Amino acid sequence: MAAMSRTTLGVLLALVVYLLYTTGDALVKAVGDRLGIFEIGLLVTLFSLLPGIFAKPRGETWRDAVRVVHPIEANIIGILRTGASMLITYSFVTIPLAEAYCIVFLIPVFITILSVIVLREDVSLERWVLMIVSFLAVVVVVRPGFRELELGHLTALGCALCAAGATTLTRRVATTEKRFVLFLLPGLYTVAFNVVALAIIGFNWPGTWDLLLLLAAGLLGGFAFILFIAALTMAPANRIAPRQYSQVVGALIFGVLFFKELPDELALAGLTVLILAGIANVLADGARARISSRWAEYRARRESNPPPPVDGPRI
């Protein structure tokens, strides 16, 4: 029962994480027509490092907190997350938010595939089916069309690949690697990349309002990443990944309220299918966990109280 509660908490935490990420993405898009992607990347990343103050465990010195247990994996995670951050920032400011999200929602598919290949996690047939249905529902909701393939579409695909790889590696080392290291290294890599880029092309300081929006986006992203690492220590990656489809709800709401992206009847139908598939996925997980728990309790009772022997027929 404890294991089931821990997994459920991880899944619920993932839903909170994706809501925070979606809000931060909308804030980034809001300033995208006034600032370059490198200014956005640098400032959002610097602000996202502020929640790291809360990520250092109590009782550890800063030297202990930054001591890397898995240097190769941790640095690869940092590089992949830097690539994902910069690629999706370009997508958000150059193509419609809905189209960017449609491609980014390939992340759960890539994560599930990698969780089987790299982490050797078991993925049930119904979860594969529900994940495919969820993805198809996303396509129906946002219907990008892709009449002309732009660079922003390719960078969104690159983001999906980088993010899936980083998440899979994070899941692999999350239980033994320092959480603060997993939080800090991607930020340092991203800051370094943007500083080099801005040193070449020049830096334009944002206005007060844009700076506040970037501050909010950075803080949301920083807290979300800390919670994301915690979620991965509680639940398998293939259970976390399908919950990313919940971001489409936030994307549609922000699109309607702030970016004049109005869904039509077909999009609403796809959204309904998406929500139902997500609920079915959660219910399937809960039913499977209850059946497993009850079967384990039944076996434990049988072993502790074996039935009395039955005498055979007397000859």
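What comes next is a walk through the structure. (Residues numbered from 1 in each chain as written. Predicted model: local features only at pLDDT ≥ 70, side-chain atom pairs only at ≥ 80, totals over all residues. Heavy atoms only, no water.)

Regarding the side chain of Thr 89
Part 1 of the argument: Inspection of the secondary structure assignment puts Thr 89 in helix H4 (residues 71-94).
Part 2 of the argument: Exposure remark for Thr 89: the relative accessible area of 8% places this residue in the buried category.
Part 3 of the argument: Excluding anything up to four places from it in sequence, Thr 89 contacts Val 28, Ile 37 and Ile 40. (Helix = DSSP H or I, 4+ residues; strand = E, 2+ residues; numbered from the N terminus. Buried < 20%, exposed > 50% of the residue type's maximum accessible area, 1.4 Å probe, protein only. Contact = heavy atoms within 4.5 Å.)

Examining the nonpolar core
Part 1 of the argument: In this structure, Ile 88, Phe 92, Tyr 101, Val 104 and Ile 107 are the most contacted members of the largest nonpolar core, which totals 25 residues.
Part 2 of the argument: Secondary-structure elements contributing two or more residues to this core are H4, helix H5 (97-104), helix H6 (107-117), helix H7 (125-142), helix H8 (151-173) and helix H12 (247-258).
Part 3 of the argument: Broken down by element, the residue count for this core peaks at six residues, all from H8.
Part 4 of the argument: Setting aside chain neighbours within four positions, we find Ile 107 in contact with Ala 160, Ala 163, Ala 164 and Gln 244.
Part 5 of the argument: Ranked by size, the runner-up nonpolar core spans 20 residues in total, among them Val 11, Ile 77, Phe 228 and Ile 240. (Core = buried A, V, L, I, M, F, W, Y, C linked by side-chain atoms within 4.5 Å.)

Structural notes on H12
For an α-helix, the turn length of 3.6 residues means that residues three or four places apart are oriented alike.
Part 1 of the argument: Its twelve residues give H12 an end-to-end C-alpha distance of 16 Å, which sits within 8% of 16 Å, the value for a rise of 1.5 Å per residue.
Part 2 of the argument: The set of residues buried in H12 consists of Gln 247, Val 248, Gly 250, Ala 251, Leu 252, Phe 254 and Gly 255. (Expected span 1.5 Å × (residues − 1).)

Some remarks on a nonpolar patch on the surface
Part 1 of the argument: A surface patch of nonpolar side chains, about 530 Å² in accessible area, is lined by Ile 253, Val 256, Leu 257, Phe 258 and Leu 262.
Part 2 of the argument: Exposure remark for Phe 258: the relative accessible area of 54% places this residue in the exposed category. (Patch = residues over 30% accessible without salt bridge, like charges linked within 9 Å, V, L, I, M, F, W, Y side chains within 5 Å. Areas by Shrake-Rupley, 256 points an atom, 1.4 Å probe, with all protein chains shown as cover. Salt bridge = Lys/Arg side-chain N within 4 Å of Asp/Glu carboxyl O.)

Digging into the pattern of salt bridges
Part 1 of the argument: Taken as a whole, this structure holds two salt bridges when the rule is applied.
Part 2 of the argument: Ionic pairing is found between Arg 34 and Asp 33, a salt bridge with its closest N-O pair at 3.4 Å.
Part 3 of the argument: Salt-bridge contacts for Asp 210 lead to Arg 34; the nearest nitrogen and oxygen are separated by 2.6 Å. In this pair, Asp 210 sits in helix H10 (residues 208-234) while Arg 34 sits in the loop between helix H1 (2-31) and helix H2 (37-48), placing the two residues 176 residues apart along the sequence.
Part 4 of the argument: You can call Asp 210 buried: its relative accessible area is 9%.

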